Each structure stands twice: as C-alpha cells, then as structure tokens.
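# Inside the fold
What follows is the residue order along each chain.
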Amino acid sequence: MNEIRKENVKGLKPIAATKDWKLLYFQHGRAGLEESISYKGLCSHCEIRDICSIVKPKTGIWRCKYYQAKTTQKSNLYENVIKQLDQTVDAIHFDKDICEILARTMNELVVHFPVRMDDGRVKVLTGYRVQHNNALGPFKGGLRFHPLVDIDEVRALATLMTWKTALVNIPFGGAKGGIQLDPTDFTPEELERITRRFTFALGNNIGPEYDIPAPDVNTNPKIMAWILDTYMSTMTPTERNRCIHVVTGKPLEAGGSQGRNKATGQGVVFLIEKWARDHGFNLKGARYIVQGFGNVGSWAARLMKHHGARLVAVEDVSGAICNTEGIDPDDLAEYVKEHAGVVLGYPKADPINHETFFSTRADIFIPAALENQITADTAEILNVRLVAEGANGPTEPEGDKVLQRRNIDVIPDILCNAGGVIVSYFEWLQNKRSEFWEEEEIDSKLKKIIISAYERVLAAAEKYKVDMRTAAQIVAISRLEMVYKERGIFP
Ligand code: NAD
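Residues numbered from 1 in each chain as written. Predicted model: local features only at pLDDT ≥ 70, side-chain atom pairs only at ≥ 80, totals over all residues. Heavy atoms only, no water.

## Brief notes about the site of the ligand
Taken together, 24 residues sit near the ligand, with Asp216, Asn218, Thr264, Phe293 and Asn295 positioned nearest. Here Ala369 contributes a backbone N or O atom positioned 2.9 Å from an oxygen atom of the ligand. Within the side chain of Asn392, an N or O atom sits 2.8 Å from an oxygen atom of the ligand. Of all the elements in the fold, those that place two or more residues in the shell around the ligand are α8 (260-278) and α9 (295-305). Looking at the shell around the ligand residue by residue, the class counts come to 9 nonpolar, 11 polar and 4 charged. (Near = heavy atom within 4 Å. Polar contact = N/O pair within 3.5 Å; in protein donor to acceptor, adjacent residues only side chain to side chain. Helix = DSSP H or I, 4+ residues; strand = E, 2+ residues; numbered from the N terminus. Nonpolar A, V, L, I, M, F, W, Y, C, P; charged D, E, K, R; others polar.)

Shown next as structure tokens:
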C-alpha cells in the first residue's frame, strides 16, 4: 500500500500501518473471547468497505472478518451434488429405483454436546455424522472442523465420498462428519476435550468395520489419535486392540500409515503428471497456482516442485500472495508452520487480492481449500489450461459451464483427491493385518489405483461423449448400480 493516511481520532492512537492495510484510525478492545481491532480504511483483502475490522482469535493471527465472510458464504453444495447426479442419470439412463436410493443419505446423526472451556464455562457444540451409502463396504469419510459445517454440507460431502470410493474401486461406502466451530477460537486443550466428547457422543455410530472417520479441513493426525484413544477407552480390555482401524490418517506412532499425510496431494500430482503426458505438456517450468495451503494444497505444491514446475501464487484463508519468479513451496510450508498456519505476510511474495489471484497467468490451478470457489465469475478470469480439483466440490455448476466453454480441462474432485481415501484404505488394511508397508510400496499401489481410475473415466468420457466430471460419476454410479442389481433390495 503506497498511500497511508492516518487520522488522529480523540482517544485513539494511530499505529504503524502494515503493508496490508490503508489505515485511518483504529479502535482496540475485547469483544467476547476475541480481541478485535476496528480500522477505518481500506482493507487490501476485501477492498469493498471503507470500514473494516480484523480480529485475533485465541490462537490465531489478525485477520479480516469481511474477507472471510466474502469467501466462505454458506455453501449450496448439496443442491449442486444432487443437480449433478440428475444430469448424470439423464445422460445415460440409470435405473430409476437405484438413483432414488442414491439421491438420499442413509443415516444422519446430529449431536449437541457440552464441553468445559479453560475459563470454567460450558459451551454446547453441534456435531454431525452423515452416512450416505454402504453398499460397497463400511462407511468412510473425513471429519471437518469449520464454522460453516451444517447438515447440508455434510450430506453433500458424504455423497461425494460414495462416488469417490466406488470410482476408485475400494471396498468402502461414503460418509462425512464435522463439528461447527472455528478451531482458532479454542485452545489446544479445549479442542482435545471437544474432540473426545464428540467421539463419545458418536458412540457406536462409528466403528472399525462400520464407519471409519479420517482427517479433513482443520483436522489432522493428532485429532485422529484423540478419537482413537477415546473410542478405545470405551471398549472392554479384550476388544481394545482390535479397533485401531476405527480411524485412518493417524500419526505413524499411533498406527498410521507411511504416505497418508501426503496421500491426497500425491494423488493430485500423479494425475497432473498423467494429464501432462497425455497432452504432450512439459511440467518442467510449468506455472501453477494453489488455493488452500493446508494438508492437500501444501503437499500438492511441494510434490509439483519435484517436476520442476513453478508455484506463482497461493491463496488461503488469510489472503493471497504472488511471485511470478516462483515461490518455493517447502520454504512457504516452513513459514506457514511458524505463522499460525497462514501464508499472508510471507516475505518472499507480494500480497494480492482474490480476483488477482484467480486471474494470475499459469498453466495449472489446484483448488485445495473449500467448496464453491470456481464460480461463473472466477471461472471467467482463470488463466490456466488445467484445473486439478484437490478440494471437494470446488467448482459450482455455473463455473463448470464456463470452464467447458473456455476449453479448460478439469480433473474432477472425486477422482483427483481420491489419493487420501485410497491410502486410508491401505492404513485400514495394515491395521487389520498388523502389517507395516514401506512408503515406496504405498506410492506405487496408490499410483496404480488412481491412474487406472483416470483411464476408466477417460474411456467413459469418450464412450458417452461427456465431460470428465459426468464421466467420473457414470463410472461410480455404474458400479453401485451393478451391486444393487446383483444383491437385490431386502426383503
Ligand atoms: P486443511 O484444513 O489442511 O487446509 C485448508 C486450507 O484451505 C487452509 O490453507 C486454509 O487456510 C484454506 N482456506 C480455508 N478457507 C479458505 C477460503 N475461504 N479461501 C481460501 N482458502 C481457504 O484442509 P485439507 O485437508 O487440506 O482439505 C482441503 C480440501 O481438500 C477440502 O475440500 C477437503 O474436503 C479436501 N480433501 C481433503 C483430504 C485430506 O486427506 N485431508 C482428502 C480429500 C479431499
């Protein structure tokens, strides 16, 4: 920001402006549990308001509330998922009865549970677990901690999990869960109590042969270890060691698998490599942009570096940064680890706004944050050849139409980010058999499964003359349809 005007307002001291803010004046106070500062001025993130405010949650960094509101509006993902299902069903005339089954979730659990906070007060939180379908095996799907988690979002994500496991041909069904909260509002001790109390509330609605959670947005191996420990603690001593596969994505020391942490990003990069080979495109020197620099985004970015590709822009919840000369993803990952998990402020890149991020000239875009990021508007300004969907549901149907019209290739989410659940399956198998597989073995098995799924999708796209997203759904739903036809409907 070049021009910084400061005004002396009675009772308020002007402070030095950071480069992200055009400061006029500020007010400083405490609002509830959050420390907040209100600025009158233009925030470089939202650039739409003349009064902005940033907050510093308990364990977080200062950030702009309006910016977050703008990019994390309530999702209509469930509507989109059902719309997409209807389109696929129309495209190849699936059995109507089976589509009727697949258009609904099987079980939905909503739990409200009390947790004591560090200051002695009790907070009642709301958690969800939705089990969409288990025709192919136990329910499987991540747990998300996010303020916008609600029943519809979880329904949508559970449905996508059913498509994903069917598509890549692993013996699991689809589920998803989460707690509606902003993790930065809680201390680590509070988060542990929340996780354990939620696990207890879920009770036998999860289980190693029934429904197996895994990490998703804002959850990680540590949280999986708490779930495992809580679940085991409710078992009899003889059952305890037989349920280590109740969650996947655990730390190695607690029964996790080699390669699980990077698995989703690794799957994304295997598929980008395959796309590049098929299109005679050289990844060396190719430019890519990444939205979301958490588990999926940071691993995908770091693995792309091995191909000599150049990361030029990154956006996360704190804002976006750009360096056309290239950002070293390993260096950025180190920075993020030491700076409350966010990219903003990284000294070797310049801050940019949301629109500039989306219009950055590159070859590949890896969305790896939340749903509904590629809208009709952002799809119009994207300046890439390929979108490799690391996130679940990052593209709205209207955005999809624009990508198709502009001939931008898409590796759709249920295929592109399936690496996570594939290696979760390996972890589950290793736990059941008391085995430990080497990372090379995991990587080569993952590659084989994900590339053969890609080939099935490509073949379906050619056979039915449809786009890759519809083709991926056709492959997944065909498998489910076959299973229902063979087994019939009870009674
Ligand atoms: P994460 O919590 O590790 O990282 C999420 C990232 O998104 C963070 O960098 C965060 O700052 C960023 N973000 C959040 N809100 C944003 C916003 N409004 N604008 C821009 N960036 C924002 O989560 P993750 O596990 O990496 O998951 C990311 C996506 O990948 C989700 O859609 C998830 O469902 C999907 N996914 C994850 C896995 C897995 O194994 N973790 C597997 C398959 C799919």
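More follows now that the structure is in view.
## Thoughts on the packing of aromatic side chains
Under the definition given, this model contains 12 aromatic pairs. Taken together, a centroid distance of 5.7 Å and an interplanar angle of 90 degrees make the contact between Phe172 and Tyr425 edge-to-face. Here the residue Phe172 occupies a position in the loop between α4 (151-167) and β8 (174-180), and Tyr425 occupies one in helix α15 (residues 419-433), the gap between them amounting to 253 residues. Classification of Phe172 as buried rests on a relative accessible area of 0%. A relative accessible area of 16% places Tyr425 in the buried class. Each ring, one from Phe358 and one from Phe365, has its centre 5.4 Å from the other, and the planes form 75 degrees; the classification is edge-to-face. Note on accessibility: Phe358 and Phe365 belong to one class, buried. (Phe/Tyr/Trp six-rings, centres within 6.5 Å; stacked < 30°, edge-to-face > 60°. Buried < 20%, exposed > 50% of the residue type's maximum accessible area, 1.4 Å probe, protein only.)

## A few points about the sheet that holds strand β14 (residues 364-367)
Read across the sheet, 7 strands follow the order β13-β12-β11-β10-β14-β15-β16 without closing on themselves; strand pairing throughout is mixed. Among the strands making up the open sheet, the edge pair consists of β13 (350-352) and β16 (409-411). On average, each strand axis in the sheet is inclined to that of its neighbour by 20 degrees, with strand direction left out of account. Note that β14 and strand β15 (residues 386-388) share 2 bridges and pair parallel. Note on β15: the bridge partner recorded for Phe365 is Val387. Contacting β10 (287-291), β11 (310-316) and β12 (319-327), helix α10 (residues 329-338) runs over the sheet at an angle of about 150 degrees to β12. (Pairing = 2+ DSSP bridges. Axes fitted to C-alpha atoms, helices over the stretch in contact; angles between N-to-C directions. Contact = heavy atoms within 4.5 Å.)

## Let's talk about the pattern of salt bridges
Scanning the entire structure with this criterion turns up 33 salt bridges. Where Lys262 meets Asp443, a salt bridge forms, and the shortest distance between an N and an O atom there is 2.8 Å. With Lys262 in helix α8 and Asp443 in helix α16 (residues 439-464), this pair connects stretches of sequence that are 181 residues apart. Look at Asp443 and you get buried, because its relative accessible area is 16%. (Salt bridge = Lys/Arg side-chain N within 4 Å of Asp/Glu carboxyl O.)

## Looking at the environment of Gln87
Turning to its location among the elements, Gln87 is positioned in helix α2 (residues 77-92). For Gln87, a relative accessible area of 42% translates into the label partly exposed. In this structure, the C-alpha to C-alpha distance between Gln87 and Gln473, residues 386 residues apart in sequence, is 9.9 Å.

## Thoughts on empty space enclosed by the protein
Following the criterion strictly, the structure yields 2 cavities of 30 Å³ or more and no others. Taken together, 13 residues make up the lining of the largest cavity; nearest its centre are Asn80, Gln84, Thr395, Asp413 and Arg469. For the lining of the largest cavity, the secondary structure elements donating two or more residues are α2, α13 (397-405), α14 (413-416) and α17 (468-487). (1 Å grid on protein atoms, 1.4 Å probe; cavity = no way out; pocket = protein on both sides within 12 Å on 5 of 7 lines; lining within 4 Å. Points joined across faces, edges and corners; volume = space filled by probe spheres on them.)

## Structural notes on the side chain of Asn353
Mapped onto the elements, Asn353 comes out in the loop between β13 and α11 (354-359). Relative accessible area serves as the criterion here: at 15%, Asn353 is assigned to the buried category. Within the structure, Asn353 has its side chain in polar contact with the side chain of Thr356 (distance 2.7 Å).

## A few points about the side chain of Thr165
Looking at where Thr165 falls in the secondary structure, it is placed in helix α4. Overall, Thr165 belongs to the buried group, its relative accessible area being 0%. A polar contact of 3.4 Å, which involves the side chain of Thr165, links it to the backbone oxygen of Gly173. Filtering out sequence-adjacent residues up to four positions away, Thr165 remains in contact with Ile170, Phe172, Gly173, Val421 and Arg479.

## Regarding the pairing of β8
For β8, a buried count of 6 out of 7 residues is recorded, marking the element as mostly surrounded by other parts of the structure. Pairing analysis gives 6 bridges linking strand β6 (residues 122-133) to β8, with the strands arranged antiparallel. What sits directly across from Tyr128, in β8, is Gly178. Two strands pair when backbone bridges link them, and strand β7 (residues 139-146) and β8 are joined in this way by 4 bridges, in the parallel orientation. Its bridge partner lying in β8, Leu143 is registered against Gly177. Each parallel crossover has a hand, and for β7 linked through α4 to β8 it is right-handed. (Right-handed = clockwise from strand over helix to strand, strands pointing away.)

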